[in-house]
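Each chain is listed here by its residues.
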Amino acid sequence: MGQLVAVAVITVLAVISPGADFAMTVRNSYLYGRTAGVLAAVGIALGVLVHVTYTMLGVGLLVSRSPALFTAMKLIGAAYLVCIGYKTFVTRARVDVDLSDGEGLSKAGALRTGFLTNALNPKTMLFVLSTYTQVVSADTPVPQQIGYGLFMSFAHLVWFALTALLFSRQGLRDRLLRRQTVLNKAIGAVLVGLGVVLALTPSAA
């Protein structure tokens, strides 16, 4: 019971802390609508499972103890955030409020942005790795370890799906889109800033 409470508390705090996943969900939701936002949330949840899988296999411990591997993963994730952030910041095309014509970000593209945001996110990697090393021991049954990972993924899905539902509401979305030039620059700057900070932060591995 104690392990479950610890996982729940750590997961909730990690999920609600602002980061690239939140910025990406907001970006997809207000620019491309509810479906794109929710699919980004699904991708974010799937990205968590990537970290859970290799941590359970022991690769996560290897990465955390190898500065070169950790740095490489960190720089790849930072480059992805900077790239997406820059494209968002400099975009000049204005998105129409009406999505009935089916134009915009494809479903696969929306899912991919969410997935890559967390699959390449060292913050998520460290969250999963630290949680497992703190609450999971050699005696913890594998099904229970899998359950922890599924809970982490599900918590991300719920939180970011709710975020997508909020920012894709028609009234709010209309208001945001009328200010999309400023918002694009703000969200783009946040993503670029997160990427730069991530790249320059000394590795703790």
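The following refers to the structure shown. (Residues numbered from 1 in each chain as written. Predicted model: local features only at pLDDT ≥ 70, side-chain atom pairs only at ≥ 80, totals over all residues. Heavy atoms only, no water.)

A few words on the nonpolar core. Core analysis: the largest hydrophobic core is formed by 16 residues, its most contacted members being Tyr30, Leu81 and Leu191. Put simply, the parts of the chain that give this core at least two residues each are helix H2 (20-32), helix H5 (67-90), helix H9 (170-178) and helix H10 (180-200). Residue contributions to this core peak at 6 residues, all from H2. Excluding its chain neighbours within four sequence positions, the residues that come into contact with Tyr30 are Phe167, Arg173, Leu176, Leu177, Gln180, Leu183, Asn184 and Ile187. (Core = buried A, V, L, I, M, F, W, Y, C linked by side-chain atoms within 4.5 Å. Buried < 20%, exposed > 50% of the residue type's maximum accessible area, 1.4 Å probe, protein only. Helix = DSSP H or I, 4+ residues; strand = E, 2+ residues; numbered from the N terminus. Contact = heavy atoms within 4.5 Å.)

Before going further, it helps to spend a moment on the packing of aromatic side chains. Applying the stated criterion to the full structure yields 1 aromatic pair. Where Phe22 meets Phe167, the ring centres are 6.3 Å apart and the plane angle is 85°; that geometry is what we call edge-to-face. Pair noted here: Phe22 is in helix H2 and Phe167 is in helix H8 (residues 142-167), with a separation of 145 residues, a long-range link. Overall, Phe22 belongs to the partly exposed group, its relative accessible area being 29%. Sitting above the plane of the Phe89 ring, Lys185 keeps its charged end 4.4 Å from the centroid. (Phe/Tyr/Trp six-rings, centres within 6.5 Å; stacked < 30°, edge-to-face > 60°. Lys NZ or Arg CZ within 6 Å of the ring centre and 35° of its normal.)

Considering all chains together, one arrives at 1 cavity of 30 Å³ or more under this definition. Of the voids in this model, the largest cavity is the one considered here, and its volume is about 60 Å³. Along the walls of the largest cavity sit Ala14, Val15, Asp21, Asn118, Lys123, Thr124, Phe127 and His156, which together make up its complete lining. Of all elements in the fold, only helix H1 (2-16) and helix H7 (122-135) reach the threshold of two or more residues within the lining of the largest cavity. Of all the elements, H7 adds the most residues to the lining of the largest cavity, at 3 residues. Split into classes, the residues belonging to the lining of the largest cavity amount to 3 nonpolar, 3 polar and 2 charged. (1 Å grid on protein atoms, 1.4 Å probe; cavity = no way out; pocket = protein on both sides within 12 Å on 5 of 7 lines; lining within 4 Å. Points joined across faces, edges and corners; volume = space filled by probe spheres on them. Nonpolar A, V, L, I, M, F, W, Y, C, P; charged D, E, K, R; others polar.)

We now examine a nonpolar patch on the surface. Residues Val5, Val9, Val12, Leu13, Ile16 and Trp159 make up a contiguous nonpolar surface patch of roughly 500 Å² in combined accessible area. Here the nonpolar patch gets 5 residues from one element, more than from any other, and that element is H1. Relative to the helices and strands, Leu13 is located in helix H1. (Patch = residues over 30% accessible without salt bridge, like charges linked within 9 Å, V, L, I, M, F, W, Y side chains within 5 Å. Areas by Shrake-Rupley, 256 points an atom, 1.4 Å probe, with all protein chains shown as cover. Salt bridge = Lys/Arg side-chain N within 4 Å of Asp/Glu carboxyl O.)

Below, the discussion takes up H9. The complete set of buried residues in H9 reads Arg173, Asp174, Leu176 and Leu177. Around the axis of H9, the buried residues are gathered within 165° of arc, so they sit on the same side. Residues of H9 that are buried make contact with H2, H8 and H10. (Arc of directions from axis to C-beta.)

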